[in-house]
Amino acid sequence: MSNGLTEFDRLALDAAIKQARKSLAEGGIPIGSALITREGVVVAAGHNRRVQDDDPIAHAETVCIRAAGRRRDWHELTLATTLSPCAMCTGAAILHRIPRIVIGENQTFQGREDWLRAESVELIVADDPACIAMMERFITERPDLWDEDIGIPPQ
């Protein structure tokens, strides 16, 4: 598979990329996420809706986790996200004991992978060219919105 991903990981990341593109088409921040079972079934997906919903905590991962609803199998799921998860999204994954996360890219933003590793979460960083290009373009075209999303005060 490309970038050393298994077919399973590619399936999960592709579902997340689809969500990121959906957010971008809606005028939002192009970050997407998906939850997948061991059998390869996508049980939930979500994209960053902070702009669309005027909701500062509607990051892709939290939207995806919310869409999954009440579950007892978090410990068996894989979370895919197009971008390295921030502290809030990392905390949500740790809270629900999600054991595995496929990260599309961490070059444009380095989230709390250190915290995830400290909690023994298995991380697969894809360095996916589509994820990198999408974020680089967005950051170049909308630096104000990007800075707002990651909490950088106006200059």
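Note: the structure precedes this text.
Below or above, wherever it landed, is the structure these notes cover.

What follows deals with unusual backbone geometry. With phi around 55°, Asp54 is a residue other than glycine that occupies positive phi space. Taking the relative accessible area as the measure of exposure, Asp54 reaches 71% and is therefore exposed. Located in the positive-phi region is Ser120, a residue other than glycine, with phi close to 65°. Tracing the chain through its elements places Ser120 in the loop between α5 (113–118) and β5 (122–125). Since its relative accessible area comes to 65%, Ser120 is described here as exposed.

Following both chains from N to C, one finds helix α3 (residues 60–68) and helix α4 (residues 87–95) inclined at 30°, their axes separated by 8 Å at the closest point. Taken together, the axis directions place α3 and α4 in an arrangement best described as roughly parallel. Seen from α3, the contacting residues are Glu61, Thr62 and Ile65; seen from α4, they are Met88, Cys89, Ala92 and Ala93. Broken down by class, the residue content of the contact of α3 with α4 amounts to five nonpolar, one polar and one charged.

Judged from the five bridges that link them, strand β1 (residues 32–36) and strand β2 (residues 42–47) form a sheet pairing that is antiparallel. In the strand pairing of β2, Leu35 is matched with Ala44. Here β1 hands over to β2 after five residues, with Gly40 in that stretch at a positive phi of 90°.

Take the pattern of salt bridges next. Any two side chains of opposite charge can pair if their charged atoms end up close together. Under the defined criterion, the tally for this structure stands at 13 salt bridges. With a closest N to O distance of 2.5 Å, Arg50 and Asp149 form a salt bridge. Remark: Asp149 occurs in helix α7 (residues 143–149) and Arg50 occurs in helix α2 (residues 50–53); sequence separation between them is 99 residues. Take Arg50: its relative accessible area is 8%, and that puts it in the buried class. Relative accessible area serves as the criterion here: at 9%, Asp149 is assigned to the buried category. Residue Glu141 is joined to Arg137 by a salt bridge in which the shortest nitrogen-to-oxygen separation is 2.8 Å. On the criterion of helical spacing, the pair formed by Glu141 and Arg137 is a turn pair, its members being four residues apart in helix α6 (residues 129–141). Judged by relative accessible area, which is 49%, Glu141 ranks as partly exposed. By relative accessible area, Arg137 is classed as exposed at 57%.

A word on the sheet that holds β1. Sheet strands associate in pairs through backbone hydrogen bonding, adopting either a parallel or an antiparallel arrangement. Read across the open sheet, the five strands follow the order β2-β1-β3-β4-β5; overall the sheet is mixed. Single-partner strands in this sheet number two, and they are β2 and β5. Each adjacent strand pair in this sheet contributes to an overall mean axis angle of 15°, direction not counted. As judged from the four bridges shared by β1 and strand β3 (residues 78–81), these two strands associate in the antiparallel manner. Looking across to β3, one finds that Ile36 is bridged to Thr78.

When two helices pack together, their arrangement is captured by the angle between the axes and the distance separating the axes. At a minimum axis separation of 11 Å, helix α1 (residues 7–25) and α6 run at an interaxial angle of 20°. Classified by the angle their axes make, α1 and α6 are roughly parallel. Crossing geometry of α1 relative to α6 is assigned as left-handed. Contacts from Leu13, Ile17, Ala20, Arg21 and Leu24 in α1 reach Ala130, Cys131, Met134 and Phe138 in α6.

Basis of the calculations
- Residues numbered from 1 in each chain as written.
- Predicted model: local features only at pLDDT ≥ 70, side-chain atom pairs only at ≥ 80, totals over all residues.
- Heavy atoms only, no water.
- Buried < 20%, exposed > 50% of the residue type's maximum accessible area, 1.4 Å probe, protein only.
- Helix = DSSP H or I, 4+ residues; strand = E, 2+ residues; numbered from the N terminus.
- Axes fitted to C-alpha atoms, helices over the stretch in contact; angles between N-to-C directions.
- Parallel < 35°, antiparallel > 145°, perpendicular 65-115°, else oblique.
- Contact = heavy atoms within 4.5 Å.
- Nonpolar A, V, L, I, M, F, W, Y, C, P; charged D, E, K, R; others polar.
- Pairing = 2+ DSSP bridges.
- Salt bridge = Lys/Arg side-chain N within 4 Å of Asp/Glu carboxyl O.
- Left-handed = near helix turned anticlockwise from the far one by under 90°.

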